[in-house]
Amino acid sequence: MTDRKIPARVFAHAAQDAESAKKNLSTPQTNSPSYKLAFQDEEFLLRDDMRPVRFQLELQKPELLLDEAKIASTFVFYGSARIPAPGVASGHADPKVAKRLEALSPYYDEARKLAQITSGIPRDEAGWRHFVVCSGGGPSIMEAANRGAHDLRADSIGLNVVLPHEQMPNGYVTPELSFQFHYFALRKMHFMMRAKALVAFPGGFGTMDELFEMLTLIQTKKTKKQFPVLLFGSAFWKNTINFEAFQEWGMVSPEDRDLYIHVDSVKEARDMLIEIITEKYLKGDSETND
């Protein structure tokens, strides 16, 4: 009887052909850009018409690597890139602003402690990891979050974005889980896809942008589940955003007030998270917000 088993791979691996393509003789034809393999042709991939392909690549690369790392859910940290660690000068040119920023430095330690709480969660029975710390990968509050995970020798994620002024990943992000994005939209999507809790520390336009996008997705039920959104530092949040005014002017519904929670200590934040941490995500729930 004929063996009809299909081989694991019929065609040569792309890497093999890519290597073979380098060995072509130099001729007018092989030297032409049109002859390059499409996936090796950087000029072709960076054309405006190839934007949809680049979108797909920025979606797919982190998704595959996070799946391979068996990361089922994340604890997302938002916050300023300007708040210094305790005892470190802010470096701001205006002495008054520098003093205000330095007064916010305790939030660095709070973010670090909060990140430690979920970083100790063991893998579930299927080997998946839950509540893995995920930050924007930059300095300040983001660094503190990744550092909290690092304190426990736990992995953490950094989602950096290319900016005109260079921003290197902080040194506490797990190298294999350090990603860089061209498109803000795709970066935001990866913040959302595995998030099972979010904490926003004081921050600027970037923090506000990401926070309101997350609140909007939850409010409009684009996410499958509502999850805790903690606003850490009620004095800052109540001073910078008049959430109550949205309701008074009829711009949001009364129940939308329940989309976020003000907290002022790591203990308060822990109390808000403990129920879902212990009763749900340690029982093999690997569903993502896709």
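Chains are numbered independently. Their residues run from 1 in the order of the written sequence. It should be noted that, the model being predicted, local features are given only for residues of pLDDT at least 70 and side-chain atom pairs only at 80 or more, the latter also being counted only at that level, while totals for whole chains, interfaces and linings use all residues. As a rule here, side-chain values come from all non-hydrogen atoms in the structure, and water together with hydrogens is ignored.

Points about the environment of Asp 109
By secondary structure assignment, the location of Asp 109 is in helix H5 (residues 106-119). Spatially, the C-alpha atom of Asp 109 lies 8.7 Å from that of Ile 141, the residues being 32 residues apart in sequence. Elements are defined by DSSP. Helices are runs of H or I of four residues or more, strands are runs of E of two residues or more, and each kind is numbered from the N terminus.

A look at the packing of helix H7 (residues 184-193) against helix H8 (residues 205-219)
The relative placement of two packed helices is expressed as an angle between their axes plus a distance between the axes. Orientation of H7 relative to H8, taken along the N-to-C sense of each, is 55 degrees, at an axis distance of 11 Å. Classed by the angle they form, the pair H7 and H8 counts as oblique. By crossing handedness, the relation of H7 to H8 is classed as right-handed. Of the residues in H8, those in contact with Arg 187, Lys 188, Phe 191 and Met 192 of H7 are Asp 209, Glu 210, Glu 213, Met 214 and Leu 217. In terms of residue class, the contact of H7 with H8 is made up of four nonpolar, no polar and five charged. Note on method: axes are straight lines fitted to C-alpha atoms, helices fitted across the in-contact stretch only, with angles between N-to-C directions ranging 0 to 180 degrees. When an angle is under 35 degrees it counts as roughly parallel; over 145 it counts as roughly antiparallel; between 65 and 115 it counts as roughly perpendicular; any other value is oblique. Handedness of each helix crossing follows the sense of rotation of the near helix against the far helix: counterclockwise by less than a right angle gives left-handed, clockwise gives right-handed. Contacts: residue pairs with any heavy atoms within 4.5 Å of one another. Nonpolar residues are Ala, Val, Leu, Ile, Met, Phe, Trp, Tyr, Cys and Pro. Charged residues are Asp, Glu, Lys and Arg, and all others, Gly as well, are polar.

Side note on the sheet that holds strand E2 (residues 132-135)
Two strands qualify as a pair provided DSSP detects at least 2 bridges between them. A sheet is described by the order of its strands in space; here seven strands give the open sequence E4-E3-E2-E1-E5-E6-E7, paired in parallel fashion. Each end of this open sheet is capped by a strand with a single partner; those strands are strand E4 (178-181) and strand E7 (261-263). Neighbour-to-neighbour, the strand axes of this sheet turn through a mean angle of 25 degrees, independent of strand direction. Bridge analysis of strand E6 (residues 229-232) against E7 gives three bridges, and the strand direction is parallel. Counted as the bridge partner of Phe 232 is Val 263 from E7.

What about the pattern of salt bridges?
If charged atoms from side chains of opposite charge come close, those side chains can pair. Any Lys or Arg side-chain nitrogen found within 4 Å of a carboxyl oxygen on Asp or Glu counts as a salt bridge. The tally for this structure, following the rule as stated, stands at 11 salt bridges. We note a salt bridge from Arg 51 to Asp 48, for which the minimum N-O separation is 3.7 Å. With a relative accessible area of 38%, Arg 51 lands in the partly exposed category. Between Arg 194 and Asp 67 there is a salt bridge whose closest N-O contact spans 2.6 Å. Here Arg 194 is found in the loop between H7 and strand E5 (195-200), whereas its partner Asp 67 is found in helix H3 (residues 51-68), with 127 residues between them in sequence. In the salt-bridge network here, residues are joined through shared partners; they are Glu 63, Asp 67 and Arg 194. Between buried and exposed lies partly exposed: a residue is buried under 20% and exposed over 50% of the maximum accessible area for its type, with that area taken using a 1.4 Å probe on protein chains only.

Quick word on the layout of surface pockets
Using only the protein atoms, space was sampled on a 1 Å grid; points where a 1.4 Å probe fits but cannot get out form cavities, open sets with protein on both sides within 12 Å along at least five of seven lines form pockets, and lining residues are those with an atom within 4 Å of a point. Grid points are joined across faces, edges and corners, and a volume is the space filled by probe spheres set on the points. In this model, the largest pocket occupies a volume close to 820 Å³. Taken together, the elements giving at least two residues each to the lining of the largest pocket come down to strand E1 (74-78), helix H4 (95-103), H7 and H8. At five residues, H8 tops the list of elements feeding residues into the lining of the largest pocket. Tallied by class, residues from the lining of the largest pocket come to 16 nonpolar, 10 polar and five charged. Approximately 340 Å³ is the volume found for the second largest pocket. Those elements that place two or more of their residues in the lining of the second largest pocket are H3 and E4. Along the lines of polarity and charge, the residues of the lining of the second largest pocket split into seven nonpolar, three polar and three charged.

Description of the environment of Arg 187
Note on placement: Arg 187 falls in helix H7. In this structure Arg 187 comes out as buried when scored by relative accessible area, which is 7%. Between the C-alpha atom of Arg 187 and that of Tyr 35, which follows or precedes it by 152 residues, the distance is 33 Å. Here Arg 187 is in contact with Gly 136, Leu 159, Asn 160, Val 161, Phe 181 and Glu 210, once residues within four sequence places are set aside. The definition of a polar contact used here is a pair of N or O atoms within 3.5 Å, where within protein one atom must be able to donate a hydrogen and the other to accept one, and adjacent residues in sequence count solely through side-chain atom pairs. Within polar-contact distance, the side chain of Arg 187 engages the backbone oxygen of Gly 136 at 3.4 Å.

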